Amino acid sequence: GESVGLHLPTLSVQEGDNSIINCAYSNSASDYFIWYKQESGKGPQFIIDIRSNMDKRQGQRVTVLLNKTVKHLSLQIAATQPGDSAVYFCAENRVPSGTYKYIFGTGTRLKVLA
Amino acid sequence: DTAVSQTPKYLVTQMGNDKSIKCEQNLGHDTMYWYKQDSKKFLKIMFSYNNKELIINETVPNRFSPKSPDKAHLNLHINSLELGDSAVYFCASSQGPGSSYEQYFGPGTRLTVT
C-alpha cells in the first residue's frame, strides 16, 4: 500500500451531504487559484479554478469561493458521492520575480461515509 | 492515450546509486514540471521547463538534474541517492508557463531509497 499522509486534516461526510473544504493562502499578490483532487495512487487532477477578480465560480457539483480580504479559499461539493473520496489541494499562482509557479496547500483528505 | 506518462511507476534502489525517471506528454504543451510529494502529501515544485529552457529551479540539491531533449519530454536524473530522496515524484505539463494555465499531472513515480 502507499504511504499515507497521517498528518493530513481529514473531513468525514455522509454520502449525499454537502462538503466544504477550506484553504488559507499567504500571498495577497496571488492572482489565480486552482483546486486539485488526488485519488489514491494517482496524480492530482484539476477540479476548478478562479481568478482573483472573482469571488465565486461554479462547476458541476462544485463551487469555489474566494475571500481576498482574509486570504481564504473554499471548495464546496454538493451531494458528496463515494467517488469524491480523495485528498484535495488548493494551489495559488504567485508571481515572484516574474516567474509563474504554483504553490500547493497542505491538502485535506475527504472521506465519504456510506 | 495517456496525456502525461512517467516511467517507472515504482523505483526501489540503494543509497549512493544514480537513477533516472522519464516523463512524456502528448498534449502538445510547451511547459513541463517536476514536483516532489513527501510522505505527508506535501507537493512542492522542483523544476520547470518551457520550450526546453529551464525557467524554474527551486532550491534543490544539485544531485538532481533535469533534462529536456524536446518539448514533449522532461527527464529527471538523480545522482548519489539519499534516504531523504524517498518520495513520489510527479511530472506535469501545461500549455504555457503563465498564470491561469491548468497543469496536467502524470501518475507519479514512487521512489524508495534503502
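Quick summary incoming for the structure in this document. (Residues numbered from 1 in each chain as written. Chains lettered and ligands numbered in written order. Predicted model: local features only at pLDDT ≥ 70, side-chain atom pairs only at ≥ 80, totals over all residues. Heavy atoms only, no water.)

## Observations concerning the overall build of chain B
Here comes step 1: For chain B, the count of helices and strands is 0 helices and 11 strands.
Here comes step 2: Counting from the amino terminus, chain B carries its helices and strands in the arrangement β-β-β-β-β-β-β-β-β-β-β.
Here comes step 3: Against the 2.2 N^0.38 benchmark of 13 Å for 114 residues, chain B shows a C-alpha radius of gyration of 13 Å, consistent with a compact globule.
Here comes step 4: In terms of principal-axis extent, the alpha carbons of chain B reach across some 35 × 30 × 30 Å.
Here comes step 5: Taking all 114 residues of chain B together, the buried fraction comes to 46%.
Here comes step 6: Roughly 5400 Å² of accessible area belongs to chain B as shown, and the carbon and sulfur atoms make up 48% of that amount. (Helix = DSSP H or I, 4+ residues; strand = E, 2+ residues; numbered from the N terminus. Rg over C-alpha atoms; globule rule 2.2 N^0.38 Å. Buried < 20%, exposed > 50% of the residue type's maximum accessible area, 1.4 Å probe, protein only. Areas by Shrake-Rupley, 256 points an atom, 1.4 Å probe, with all protein chains shown as cover.)

## Section: the packing of aromatic side chains
Here comes step 1: Here the structure, examined in full by the defined rule, presents 12 aromatic pairs over all chains.
Here comes step 2: Aromatic side chains A:Tyr36 and A:Phe46 sit 6.5 Å apart centroid to centroid with 85° between the ring planes, which places their arrangement in the edge-to-face category. With a gap of 10 residues between them, A:Tyr36 in strand β3 (residues 32–38) and A:Phe46 in strand β4 (residues 45–51) connect regions that are remote in the sequence.
Here comes step 3: Judged by relative accessible area, A:Phe46 falls into the partly exposed class, the value being 25%.
Here comes step 4: Both rings, one in B:Tyr35 and one in B:Phe105, keep their centres 5.2 Å apart while their planes meet at 45°; by these two values the pair is tilted. (Phe/Tyr/Trp six-rings, centres within 6.5 Å; stacked < 30°, edge-to-face > 60°.)

## So, the state of the cysteines
Here comes step 1: Scanning the entire structure with this criterion turns up 2 disulfides over all chains.
Here comes step 2: Paired through a disulfide, A:Cys23 and A:Cys90 show a sulfur-sulfur distance of 1.6 Å. With a gap of 67 residues between them, A:Cys23 in strand β2 (residues 19–24) and A:Cys90 in strand β8 (residues 86–94) connect regions that are remote in the sequence. For the pair A:Cys23 and A:Cys90, a shared accessibility class is recorded, and that class is buried.
Here comes step 3: Across the disulfide from B:Cys23 sits B:Cys91; the S-S distance is 1.9 Å. Measuring handedness by torsion sign, the sulfur bridge of B:Cys23 and B:Cys91 sits at about -75° and is left-handed. Of this pair, B:Cys23 sits in strand β3 (residues 19–25) while B:Cys91 sits in strand β9 (residues 87–94); the two residues are 68 residues apart in sequence, bridging distant segments of the chain. (Disulfide = S-S within 2.5 Å.)

## Here we look at the sheet that holds strand β8 (residues 73–78) of chain B
Residues and elements named next belong to chain B.
Here comes step 1: On the basis of which strands lie adjacent, the open sheet formed by 4 strands has the order β1-β3-β8-β7 and antiparallel pairing. Each edge of the open sheet is held by one strand with a lone partner, namely β1 (4–7) and β7 (64–70). The average angle at which neighbouring strand axes cross in this sheet is 20°, direction not considered.
Here comes step 2: Looking at chain direction, β3 and β8 are connected through 4 bridges and run antiparallel. (Pairing = 2+ DSSP bridges. Axes fitted to C-alpha atoms, helices over the stretch in contact; angles between N-to-C directions.)

## Points about the interface of chain B and chain A
Here comes step 1: In this assembly, 24 residues from chain B lie in contact with 27 residues from chain A.
Here comes step 2: Linking chain B with chain A are 0 salt bridges.
Here comes step 3: Counting across the chain B and chain A interface gives 4 residue pairs in polar contact (both at pLDDT 80 or more).
Here comes step 4: Residue assignment for the side of chain B that touches chain A shows that the elements contributing at least two residues are β4 (31–37), β5 (43–50) and β6 (53–57) of chain B.
Here comes step 5: In terms of residue class, the side of chain B that touches chain A is made up of 11 nonpolar, 7 polar and 6 charged. (Contact = heavy atoms within 4.5 Å. Salt bridge = Lys/Arg side-chain N within 4 Å of Asp/Glu carboxyl O. Polar contact = N/O pair within 3.5 Å; in protein donor to acceptor, adjacent residues only side chain to side chain. Nonpolar A, V, L, I, M, F, W, Y, C, P; charged D, E, K, R; others polar.)

## Some points on the sheet that holds strand β7 (residues 72–77) of chain A
All names here are of chain A.
Here comes step 1: Reading across the sheet, the 4 strands line up as β2-β7-β6-β5 and stay open at both edges, with antiparallel pairing between neighbours. Here the strands that pair on one side only, and so sit at the sheet edges, are β2 and β5 (56–58). Each strand axis lies, on average, 15° off the axis of its neighbour in the sheet, ignoring direction.
Here comes step 2: As judged from the 6 bridges shared by strand β6 (residues 62–67) and β7, these two strands associate in the antiparallel manner. Looking across to β7, one finds that Val62 is bridged to Ile77.

## A short note on the pairing of β4(B)
All names here are of chain B.
Here comes step 1: In terms of burial, β4 is largely enclosed, as 6 of its 7 residues are buried.
Here comes step 2: Where β4 lies against β5, 7 bridges are found, and the strand directions are antiparallel. In the strand pairing of β5, Tyr35 is matched with Ile45.
Here comes step 3: In this antiparallel pair of consecutive strands, β4 and β5, the connection spans 5 residues, and Lys41 shows a positive phi of 75°.
Here comes step 4: Across 7 bridges, β4 lies against β9 in antiparallel orientation. When the bridges of β9 are listed, Trp34 appears paired with Cys91.

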